[in-house]
Structure formats: C-alpha cells, structure tokens
Amino acid sequence: MQDFIDPKDLLLKKIRARGGFVNAHAHIDRAYILNKTNYKLTSATLQQKWDFPDQYKAKASVGDIYSNMARVVESMCAQGVQAIGSFIDVDPVVKDKAILASQKLRDNFKKDIKIVFINQVVKGVIEPEAKRWFEIGAQYADIIGGLLEKDKGREAEHLDILFQTAKKNGKKLLHVHVDQFNSPRQRDTELLVKKTLEHGYEGKVTAIHCLSVAAQPKAYRQKLYKQMKKADIKVVACPVAWIDSPRSEVLAPSHNAVTPVDEMVAAGLSVGLGTDNISDIYKPFNDGDMWTELHFLLEACHIYDIDTLSDIASVNGLKTLGL
Ligand SMILES: [Zn+2]
C-alpha cells in the first residue's frame, strides 16, 4: 500500500507545467457590482437580468470599471492564471467606458498576465443604436463577440452581422454565446456551425457554453460534434455559471446542466474553461476560483484523465484566445 497518489496535486502541477490556468471566458467589467439594492435581483431569471447592470453601467466612471477589472485580474494573477479572455460591454448604455478602462488595464498588467478582450453585445447587433455600438466595439476588440439569444428569432441575421463585421475589421476570431438555456428547443450551435462554414471561418470560431446540446438526443449530439469538428469549432465551458439552470417540465435525455465536455473531447473537439460572471447579479457567490470551475467540470462530466483535464484548464484556453 505505498503507491498513493494525490490526483488534485498531480493535476495542479501539470497545469503549472503548462504555464498555468487560462480563464477563457469572463465578464470582468461588471464583476463586484453587488450592493444592497441590486442583490434583491439575484433571484430573477437570466432574461430578466440582462438589462439589470444598466443602472450601474450608466453611472459608473471609467475608473470604477477599471477597479472591477483590476480586482479580477489581481485574483487571477494570485492563482497563477497565465491568460484571461474577457468580454467587455460596448453598448448604448456603457458606451466606450469599458474600452477605455480595458486599455489602462492591459498596460498596467502586461508583465503579469495576457489579457484578450471580446466585445459583448448585450443589446444585440440588429437594433440600430445597438449595432452602432457593436461596430465601435468590433473595431477595438481582439475577438468579435456575439450573444445569439439577444436577437431571438433573428439568430441567423445576428451571426451574418458578426461574420461580416469580423471580415470588415480584419478580425480573425469570433466568440459566440450559444445554447445557454439547457433546452432541447435550442439549436444555436448547429446554426453556428452552418454559418461558420458559409462564411469560411473554419478554425476561427469558439462556441461559449453549448449547454442545450446536452438536452438533445444522442444521435443529434454525435452528428453535431462531427459537424463542429469539420468547422473546427472550439468550445468554452463555465460549469459553475450554468449549474443553476432552472428545472423545467420539458422532456429531454437526463443530463447535468453542464456542457457535455466528455463527449466533445471524445469527438476530438477542443474545450477550454472559464469563470463567466464573477460576484455580480448573475453569480453573486462566484469568486472566480479556477480550481472550483475545474472541479465542477470534472465531476459533472466524469473526466478523471489528468492530461485531458490539464489541457482543458490551460492550453485549450490559449488556442481559443488565439495565443
Ligand atoms: Zn458570457
């Protein structure tokens, strides 16, 4: 009885050997914005929450937003995170304040951590004023960001605008929030594959979350993974952020409310790891701990292979961020 191992220790050592964790998906501009008033809103649904940060965003100064961002980045550095990819809101409410804060952030932390910015489109990309700010954000961002559910019913158009804007601005990569509602009625990832092929963006697109894929029948899932592989679409999973997916009476194959990472990895897809929202009305108790995210993922998806897990926690995130 001498060959004891400590798998957590082995895994963390392997991640360190690969340069450290990579947080491939976050929203650091709206972290730490909880107060006594908005905390009451934490129990609302996701759709109801989308516009809640507006009050904060309208009033916040560039310095306020910078402070939120810096607090997250300091926490990431303390955990040995080598790179972070964060969406930042650029929309008619916050305008360019998060852009200005992010420039300062990148300057101040350039020796400590790689930071990649993706423009968030929480107001969609179709309504004219939202589109105007999307185009401003797209010029600045390293990666073009999308949020399909914000232009519900016009998802294909939303994606066409993302790809066209990426081409116009010479942006090589896209990160798109898809299939967030854990419902078999959603087929966003399938649409993202179709549009990626149509626009010739193979190998340049990352699907963020893909939760509803797990609610589809096995034959559909397996076919989808093959299509994703063909379009070389990468995935980012944020397990803690989505485990609160509400129970529903819609029938689906039994599954955890977590991206089906085990199946995706087996199908040859690259999956990275992210924290998503930290200490805000969406996720008041998420403190951005990368080990917590990885632990959730490995338990929920029954993945215990150390190499696979260390890839997910580090190098796969670098690939998705173009690093
Ligand atoms: Zn997100």
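Let me begin by describing the structure that accompanies this report. (Residues numbered from 1 in each chain as written. Predicted model: local features only at pLDDT ≥ 70, side-chain atom pairs only at ≥ 80, totals over all residues.)

## A closer look at the overall build of the protein
On a plain count of helices and strands, the protein comes out with 14 helices and eight strands. At 19 Å, the protein has a C-alpha radius of gyration in line with the 20 Å of a compact globule built from 323 residues. Here the C-alpha coordinates of the protein stretch approximately 65 × 40 × 40 Å along the principal axes. For the protein, the residues scored as buried account for 51% of the 323 residues in total. Expressed as a percentage of contacts within the protein between residues at least 6 apart in sequence, the contacts between residues at least 24 apart total 81%. (Helix = DSSP H or I, 4+ residues; strand = E, 2+ residues; numbered from the N terminus. Rg over C-alpha atoms; globule rule 2.2 N^0.38 Å. Buried ≥ 20, exposed ≤ 12 C-beta atoms within 10 Å, placed from the backbone. Contact = placed C-beta atoms within 7 Å.)

## Topic: the sheet that holds strand E2 (residues 83-89)
The three strands lie next to each other as E1-E2-E3, forming an open sheet whose pairing is parallel. What marks the edges here is a single partner per strand, and that holds for strand E1 (22-26) and strand E3 (114-120). Strand-to-strand, the axes of this sheet are offset by a mean angle of 20°, without reference to chain direction. Pairing of E2 with E3, which is carried by seven bridges, proceeds in the parallel orientation. When the sheet's bridge partners are listed, Ile88 is paired in E3 with Asn119. (Pairing = 2+ DSSP bridges. Axes fitted to C-alpha atoms, helices over the stretch in contact; angles between N-to-C directions.)

## With respect to the environment of Thr42
Along the chain, the position of Thr42 falls in the loop between E1 and helix H2 (46-49). What makes Thr42 partly exposed here is the crowd of 15 C-beta atoms within 10 Å. Considered as a pair, Thr42 and Val73 are 31 residues apart in the sequence and their alpha carbons are 24 Å apart. Once residues lying within four places of it in the same chain are set aside, the contact partners of Thr42 are Ile281 and Pro284.

## Some points on helix H7 (residues 155-168)
Spanning 14 residues, H7 covers 20 Å between terminal C-alpha atoms, matching the ideal 20 Å at 1.5 Å per step. Residues of H7 that are buried: Glu155, His158, Leu159, Ile161, Leu162, Phe163, Thr165 and Ala166. Looking at the packing, one finds that the buried side of H7 touches helix H6 (128-140), strand E4 (144-147), strand E5 (174-178) and helix H8 (188-198). Looking one or two residues past H7, Gly170 carries a phi angle of roughly 65°, positive in sign. (Expected span 1.5 Å × (residues − 1).)

## Describing the packing of H7 against H8
Two numbers describe how H7 lies on H8: the axes approach to 10 Å, and their chain directions differ by 40°. Between H7 and H8, the interaxial angle falls into the category oblique. Our pair here, H7 against H8, has a crossing hand that is right-handed. Residues Glu155, Ala156, Leu159, Asp160 and Phe163 of H7 lie in contact with H8, whose contacting residues are Asp188, Leu191, Leu192 and Lys195. (Parallel < 35°, antiparallel > 145°, perpendicular 65-115°, else oblique. Left-handed = near helix turned anticlockwise from the far one by under 90°.)

## Focus on unusual backbone geometry
Of note, the phi angle at Tyr32 is positive, near 60°, even though the residue is not glycine. On the basis of neighbour counts, which here come to 15 C-beta atoms within 10 Å, the residue Tyr32 falls in the partly exposed class. Despite not being glycine, Asp232 shows a phi value in the positive range, around 50°. Checked against the element boundaries, Asp232 lands in the loop between helix H9 (218-230) and strand E7 (234-237). A residue is classified by how many C-beta atoms lie within 10 Å of it, and Asp232, with 15 of them, is partly exposed.

## What about the sheet that holds E5?
Taken in spatial order, the five strands line up as E4-E5-E6-E7-E8 in an open sheet, and their pairing is parallel. Here the strands that pair on one side only, and so sit at the sheet edges, are E4 and strand E8 (271-273). Sheet twist, expressed as the mean angle between neighbouring strand axes with direction ignored, is 25°. In this sheet, E8 lies alongside E7 in parallel orientation, the contact comprising three bridges. Counted as the bridge partner of Val236 is Gly272 from E8. Relative to the sheet, H7 contacts E4 and E5, its axis offset from that of E4 by approximately 175°.

## Comments concerning the pairing of E2
Looking along a regular strand, one sees the side chains alternate between the two faces of the sheet. Most of E2 sits inside the fold, with seven of its seven residues counted as buried. Burial along E2 is two-sided: Ala83, Gly85, Phe87 and Asp89 and Ile84, Ser86 and Ile88, pointing in opposite directions, are all buried. Assessed by its sense of winding, the connection that carries the chain from E2 through helix H5 (residues 97-109) to E3 is right-handed. (Right-handed = clockwise from strand over helix to strand, strands pointing away.)

## As for the packing of helix H4 (residues 62-78) against H5
For the pair H4 and H5, interaxial distance at closest approach is 8 Å and the crossing angle is 45°. Of the possible angle classes, the one that applies to H4 and H5 is oblique. Note that H4 runs across H5; the crossing there is right-handed. Between H4 and H5, the contacting residues are Val62, Ile65, Tyr66, Met69, Ala70 and Val73 on the first element and Lys97, Ala98, Leu100, Ala101, Ser102, Lys104, Leu105 and Phe109 on the second. Here the contact of H4 with H5 is composed, by residue class, of eleven nonpolar, one polar and two charged. (Nonpolar A, V, L, I, M, F, W, Y, C, P; charged D, E, K, R; others polar.)

## Here we look at the environment of Leu12
Following the sequence through the fold, Leu12 ends up in helix H1 (residues 7-17). Classification of Leu12 by C-beta neighbours within 10 Å gives partly exposed; the count is 19. Put simply, Leu12 and Asp142 are 130 residues apart on the chain and 29 Å apart in space, counted from C-alpha to C-alpha.

Honestly, that's just the spatial picture; any functional story needs more than this.
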